[in-house]
Amino acid sequence: MCPPDFFGVSYVINPWMEGQQGHTDAAEAQAQWTGLKDLIARHADVSLIMPHAGLPDLVFTANAGLALEGKVLLSRFRRPQRRGEEHWWRAWFEKAGYEIITPPEELCFEGAGDALFDEARQTIWLGHGFRSDQEMAPLAAKIFGRETVPLRLIDPRFYHLDTCFCPLPDGALLYYPAAFDAPSRAEIERRVAPDQRIAVDESDAIKFCCNAVALDAMLVLNDASPALEAQARAHGLAPTRAPLTQFMKAGGAAKCLTLRI
Ligand code: ARG
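A. Looking closely at the packing of aromatic side chains. If you walk through the whole model with that rule in mind, you get 9 aromatic pairs. Summarising the aromatic geometry, the rings of Phe 60 and Phe 247 are spaced 6.5 Å apart at their centres and angled 90° between planes, so their arrangement reads as edge-to-face. With Phe 60 in the loop between helix 1 (26-41) and strand 1 (65-68) and Phe 247 in helix 8 (residues 245-248), the pair connects residues that are 187 residues apart, well separated along the chain. The class of Phe 60 is buried, set by a relative accessible area of 5%. Look at Phe 247 and you get buried, because its relative accessible area is 0%.

Set out below in C-alpha cells:
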C-alpha cells in the first residue's frame, strides 16, 4: 500500500474524476486509508511504498504491476499523467528482489488493476478496452504459465477490470455484467458456474462493491446493499466496510489501494 500523503485529484483520466479536481479532503483521505490498512493488517503483512509529490494516483498500488511467484510484470500506463509512477514501482520491486518483466514498448498494461489472478481456477483474467491492451493476455500467459482470459470492458465508468470483477477465494465471482461486451460475458458464464456467480446491480457497482479485497473470510468493500451482503455471507464471507469515498473521487476504492504480492 502507499500512504495518501500526496493523494488528490489534479487531472481527469476517468469519468469519476470529472468535476473533482481539488475537491478531496486530505484529512478524511488519511483516515479512510488508515481504516483500510488496519483491516488488511489483521489478515496480511502490509508493506509500504513511499508516496511522492506530483504523483497523486501512486496510492492505487494495484496498478504497479502483476506480481506472482517472485516475478512482476510491471505496468506501462496508458495515460501520460501516470507514467511517472513506473520508475518508483520498478525501484520497489527491484529492492524486494523480484524478477522484473516489462511489457513491450508498444503495449499498455495497468497491472493488477486489469490482470486479476484467480486462485481457485489458477487462471489470470485480463481486462482490456480502456487501459490495458488485449495483446497483453498471451504475454501474461507465457510469463506466468497460467491460462489468461481476455475480457473486453465497455463502460467507461468501469475502466479497470478490478472495478467490476472480483474473483473470490472459493471460486465464486462478484461482477457487474453490463461492464462487459457480450462475448466476454459469455466467456465468464462458461467458466463460472451459475451458483458461483454473484451478479451485482448498477447501484452496488457504482459503490465500487466489486473493488473488494478478499482475505481469509473477510471481504473488505467500500459499501454494499443488504442483498449483496447476504449473498457474500452465503459464500462464507464476512462483508466488512471500509468507507473510501475520498478515493472514489479518483475512481478507486479498496482493491485499487492494495496490491497482493
Ligand atoms: N485515478 C486512477 C486512474 O484513473 C485510479 C486508479 C484506480 N485503480 C484501479 N486499480 N482501478 O488510473
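B. How the structure looks around the site of the ligand. Around the ligand, a shell composed of 17 residues is seen, among which Asn 14, Arg 82, Asp 162, Ala 250 and Cys 256 lie nearest. Between Arg 131 and the ligand, the recorded distance is 2.9 Å, taken from a side-chain N or O atom to an oxygen atom. The separation between a nitrogen atom of the ligand and a polar main-chain atom of Ala 250 is 2.8 Å. In isolation the ligand has 350 Å² of accessible area, and contact with the protein removes 100% of it. Here the residues of the shell around the ligand sort into 7 nonpolar, 6 polar and 4 charged.

The rules behind these values
The residue numbering used here restarts from 1 in each chain and proceeds along that chain's sequence as written. The predicted origin of the model limits local features to residues at a pLDDT of at least 70 and limits the giving and counting of side-chain atom pairs to 80 or more, whereas totals for whole chains, interfaces and linings rest on all residues. Side-chain numbers here rest on the full set of heavy atoms in the structure, without hydrogens or water. Think of it this way: a Phe, Tyr or Trp ring, Trp meaning its six-membered ring, pairs with another when their centres are within 6.5 Å, and the plane angle makes it stacked under 30 degrees, edge-to-face over 60, tilted otherwise. Helix and strand definitions follow DSSP, with helices as H or I runs of at least four residues and strands as E runs of at least two, each counted in order from the N terminus. A 1.4 Å probe rolled over the protein chains alone gives each residue an accessible area, and that area as a share of the maximum for its type sets the label: buried under 20%, exposed over 50%, partly exposed in between. Put simply, a residue is near a molecule or strand once any heavy atom of it comes within 4 Å of that molecule or strand. Counting of polar contacts relies on pairs of N or O atoms within 3.5 Å, with two restrictions inside protein: one atom must be capable of donating a hydrogen and the other of accepting it, and residues adjacent in sequence are counted only when both atoms are side-chain atoms. For the area figures, the Shrake-Rupley method with a 1.4 Å probe applies, and any residue is considered shielded solely by the protein chains shown. Side-chain classes follow a simple rule in which Ala, Val, Leu, Ile, Met, Phe, Trp, Tyr, Cys and Pro form the nonpolar group, Asp, Glu, Lys and Arg form the charged group, and the remainder, Gly included, forms the polar group.

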